[in-house]
Amino acid sequence: ALRFFVGKAADEQEAEATAMLEDDVVELPVPESYRTINVKAFLMLEWAFHHFPYLQWLLRHDDDVYLRPLPILQQLEARPPVRYIWGSFDHGSTIIRDPEHQHYNSFKQCPENKHPVWGDIFPPYARGHLWVMS
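Residues numbered from 1 in each chain as written. Predicted model: local features only at pLDDT ≥ 70, side-chain atom pairs only at ≥ 80, totals over all residues. Heavy atoms only, no water.

### Side note on the sheet that holds strand β7 (residues 125-133)
Part 1: Strand order in this open sheet of three strands is β3-β7-β4, and the pairing throughout is antiparallel. Taken across any chain shown, the strands that pair with only one partner, and hence form the sheet edges, are β3 (58-61) and β4 (85-90). Across this sheet, the average inter-strand angle for adjacent strands is 20 degrees, counted without regard to direction.
Part 2: Sheet analysis places β3 next to β7, joined by four bridges and oriented antiparallel. Across the sheet, the residue bridging to R60 is W131, located in β7.
Part 3: Packed on one face of the sheet, helix α2 (residues 37-51) meets β3 and β7 and runs near 150 degrees to β3. (Pairing = 2+ DSSP bridges. Helix = DSSP H or I, 4+ residues; strand = E, 2+ residues; numbered from the N terminus. Axes fitted to C-alpha atoms, helices over the stretch in contact; angles between N-to-C directions. Contact = heavy atoms within 4.5 Å.)

Here it is, written out as structure tokens:
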């Protein structure tokens, strides 16, 4: 099943347009904003788990990614569909704590993770442009 996930509309005109969308668009209960993209990702996972509890693979990609499904599906056929995640991983990005910065993360969103050399960093994560998980 193919789904597109969007945040809540900023104004009434956008809300009316969203209301007319097809069944493949899911509006999540978070404002549509670059600042809330991480919250939107977690809400997308929660939605997928509740609506497709026996889903074998979940593929997430940005709207500007040129996707070739057949090669990806061929790769996934050779992978174990249990506790598997595939993507481009980041292993030490600094967490931005400045509330004025567009990439700001509060301590509630991401608790402090002090590395002895690099300081406050994110735990390893798959970068957002494309990832697959079982």
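Moving on from the coordinates now.
### Here's the deal with the side chain of K40
Part 1: Relative to the elements of secondary structure, K40 occurs in helix α2.
Part 2: By relative accessible area, K40 is classed as buried at 16%.
Part 3: K40 has contacts with F5, V6, G7, L28, V30 and E32, leaving out every residue within four places of it along the chain. (Buried < 20%, exposed > 50% of the residue type's maximum accessible area, 1.4 Å probe, protein only.)

### Observations regarding the environment of E100
Part 1: Considering the arrangement of structural elements, one finds E100 in the loop between β4 and β5 (114-115).
Part 2: Judged by its relative accessible area of 72%, E100 is exposed.
Part 3: Here the alpha-carbon distance between E100 and F49, two residues 51 residues apart in the chain, equals 33 Å.

### Focus on α2
Part 1: Here α2 contains 15 residues, and its C-alpha end-to-end distance of 21 Å stays within 8% of the 21 Å for a straight helix at 1.5 Å per residue.
Part 2: Buried residues along α2 sit in contact with β1 (4-8), β2 (25-31), β3 and β7. (Expected span 1.5 Å × (residues − 1).)

### Re the packing of aromatic side chains
Two aromatic rings, taken as a pair, are described by how far apart their centres are and by the angle between their planes.
Part 1: Summed over all chains, the structure comprises three aromatic pairs.
Part 2: Ring plane angle 90 degrees and centroid distance 5.7 Å describe the contact between W57 and Y84, whose orientation is recorded as edge-to-face. Of this pair, W57 sits in the loop between α2 and β3 while Y84 sits in the loop between α3 (69-77) and β4, and the two are 27 residues apart along the sequence.
Part 3: Lying across the ring of F107, R97 places its NZ or CZ 4.0 Å from the centre. (Phe/Tyr/Trp six-rings, centres within 6.5 Å; stacked < 30°, edge-to-face > 60°. Lys NZ or Arg CZ within 6 Å of the ring centre and 35° of its normal.)

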